[in-house]
Amino acid sequence: MKYKFNRKTKFGFQNIMVISTIFSVLLCFSCKEESNALKNTESDLMTKINAVQEQVMAQGNMTAAEEQALLSLCSIVSHDDGLATYTTDNSMLLKDVDLVPVYNGCEALSKEETRACFDNKIATFIKREFNLSVSKDLNLSDPKQVDAFFIINEDGNLTGMKVRDSEVTIQAEILRVLRKMPVMQPANHNGKRVSVLCSIVVTYGNTINVDVVYIPERPE
């Protein structure tokens, strides 16, 4: 069977490499799911991946938005740092600890000042590092909000990152920024280093805003 491609629908080498990379990563991800005895979920996921692959091949090319969405998904699943793989059971809620993690520049302050400094530094870092074009490209008529969670462990490193339901490009961008967060002095409770579960609310649109919030319970 011969296939005819005009200039508009002809794949370039770059698109072929992008798609190959994406589906390789997704396939590895599905294999990881099977190793965790989630075979039913993996089967459903593979069905959807195959459907997307067939659609891309039938379509012959991708729009810039479609390519970005697939690349964002690739970025999300290629990192093993979600709450699904890092339990929060041994982490205290940030609101409950005696002393919150100490961000660089927040040293030698009172407990209340350290907490306020932590909130400000986290929000400032995310707003500075966030690529605003990702949000502007959505052309939202009104700003939207999304909840994000992360753990600062006993060594002061961020792990256990999770972003609630949002556009895949926004989810990938928030995770990218959180992965860049610097190491801090860990939280302290009863004189011991402890792991803490933190949460933020990101408001995005033509601008970006970040609020550090103190959740009353653990995310599902």
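Bear in mind that the values here come from a model prediction, so they are computed numbers and not experimental data. (Residues numbered from 1 in each chain as written. Predicted model: local features only at pLDDT ≥ 70, side-chain atom pairs only at ≥ 80, totals over all residues. Heavy atoms only, no water.)

Visitor: Let's hear about helix α4 (residues 111-129): which residues, and what values?
Guide: Taking 1.5 Å per residue, 19 residues should reach 27 Å; α4 reaches 27 Å between its end C-alpha atoms and fits that length. Those residues of α4 not exposed but buried are Thr 114, Cys 117, Phe 118, Asp 119, Ile 122, Ala 123, Phe 125 and Ile 126. Contact partners of the buried residues in α4: β2 (144-152), α6 (168-178), β6 (196-204) and β7 (208-213). (Helix = DSSP H or I, 4+ residues; strand = E, 2+ residues; numbered from the N terminus. Expected span 1.5 Å × (residues − 1). Buried < 20%, exposed > 50% of the residue type's maximum accessible area, 1.4 Å probe, protein only. Contact = heavy atoms within 4.5 Å.)

Visitor: Any chance you could break down the pairing of β7 for me, citing the residues and the numbers?
Guide: Residues Ile 208, Val 210 and Val 212 point to one face of β7 and are all buried, whereas Asn 209, Asp 211 and Val 213, pointing to the other face, are not buried. Direction of pairing for β6 relative to β7: antiparallel, over a ladder of six bridges. Each residue of the ladder has a partner; that of Tyr 204, found in β7, is Ile 208. Counting the residues that bridge the hairpin from β6 to β7 gives three residues. (Pairing = 2+ DSSP bridges.)

Visitor: I'd love a proper account of the pattern of salt bridges, names of residues and values included.
Guide: For the structure shown, the criterion picks out six salt bridges. Lys 144 is the salt-bridge partner of Glu 167, the closest N and O atoms lying 2.7 Å from each other. With Glu 167 in the loop between β3 (158-163) and α6 and Lys 144 in strand β2, this residue pair connects regions lying 23 residues apart in the sequence. Note that Asp 147 is salt-bridged to Arg 164, the shortest N-O span being 3.6 Å. In this pair, Asp 147 sits in strand β2 while Arg 164 sits in the loop between β3 and α6, placing the two residues 17 residues apart along the sequence. The class of Asp 147 is partly exposed, set by a relative accessible area of 30%. Sharing partners across several salt bridges, the network here consists of Arg 128, Glu 129 and Lys 180. (Salt bridge = Lys/Arg side-chain N within 4 Å of Asp/Glu carboxyl O.)

Visitor: Any chance you could break down unusual backbone geometry for me, citing the residues and the numbers?
Guide: Excluding glycine, residues mostly carry a negative phi; peptide bonds, for their part, are mostly trans. Phi is positive for Ala 108, close to 60°, though the residue is something other than glycine. For Ala 108, the position within the fold is in the loop between β1 (92-93) and α4. The residue Asn 139 is not glycine, and still its phi comes out positive at about 50°. By the secondary structure assignment, Asn 139 is in the loop between α5 (132-136) and β2.

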